[in-house]
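# Structural features, examined
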Amino acid sequence: MKAGRAARKGLWGVARIVSLITAIVVGLIVIGIVLVLLEANKSNDIVKALLDAAESLVGPFKDVFKPDGAKAKIAVNYGLAAVVYAIAGGLIAKLLRR
């Protein structure tokens, strides 16, 4: 009995870590979208670092859709990546909490 509780407690901790990582990844992607839409100064080191981080996370989703305009392309494809990461991270965390 005690071993089962300890194992469940450990999995809950892992689920919390998965949820935290998911939130950070989705947050970086959303920040990237906002920076592009607001035309942030890409020569600023902080903006560049955030955009680079977001771009590295959305690699496989970069050209799923090709709407007209660079901003629309980034908003749609990065948004898709954020949704997929949120769903996948949520499902993994939920499975770990079972």
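To keep things clear, this report deals only with the structure shown in the data block. (Residues numbered from 1 in each chain as written. Predicted model: local features only at pLDDT ≥ 70, side-chain atom pairs only at ≥ 80, totals over all residues. Heavy atoms only, no water.)

Our focus in this paragraph is a nonpolar patch on the surface. Judged by side-chain polarity, Val-30, Val-34 and Leu-38 come together as a nonpolar surface patch covering roughly 270 Å² of accessible area. Locating Val-30 in the fold gives a position in helix H1 (residues 2–37). What makes Val-30 partly exposed here is its relative accessible area of 38%. (Patch = residues over 30% accessible without salt bridge, like charges linked within 9 Å, V, L, I, M, F, W, Y side chains within 5 Å. Areas by Shrake-Rupley, 256 points an atom, 1.4 Å probe, with all protein chains shown as cover. Salt bridge = Lys/Arg side-chain N within 4 Å of Asp/Glu carboxyl O. Helix = DSSP H or I, 4+ residues; strand = E, 2+ residues; numbered from the N terminus. Buried < 20%, exposed > 50% of the residue type's maximum accessible area, 1.4 Å probe, protein only.)

With 13 residues, helix H2 (residues 45–57) should reach 18 Å at 1.5 Å per residue; the first-to-last C-alpha distance of 18 Å fits that figure. Among the residues making up H2, those that are buried are Val-47, Leu-51 and Ala-54. Seen end-on, H2 carries its buried residues on one side only, within an arc spanning 65 degrees. Of the exposed residues in H2, those oriented more than 90 degrees away from the buried face are Asp-45, Ile-46 and Ser-56. (Expected span 1.5 Å × (residues − 1). Arc of directions from axis to C-beta.)

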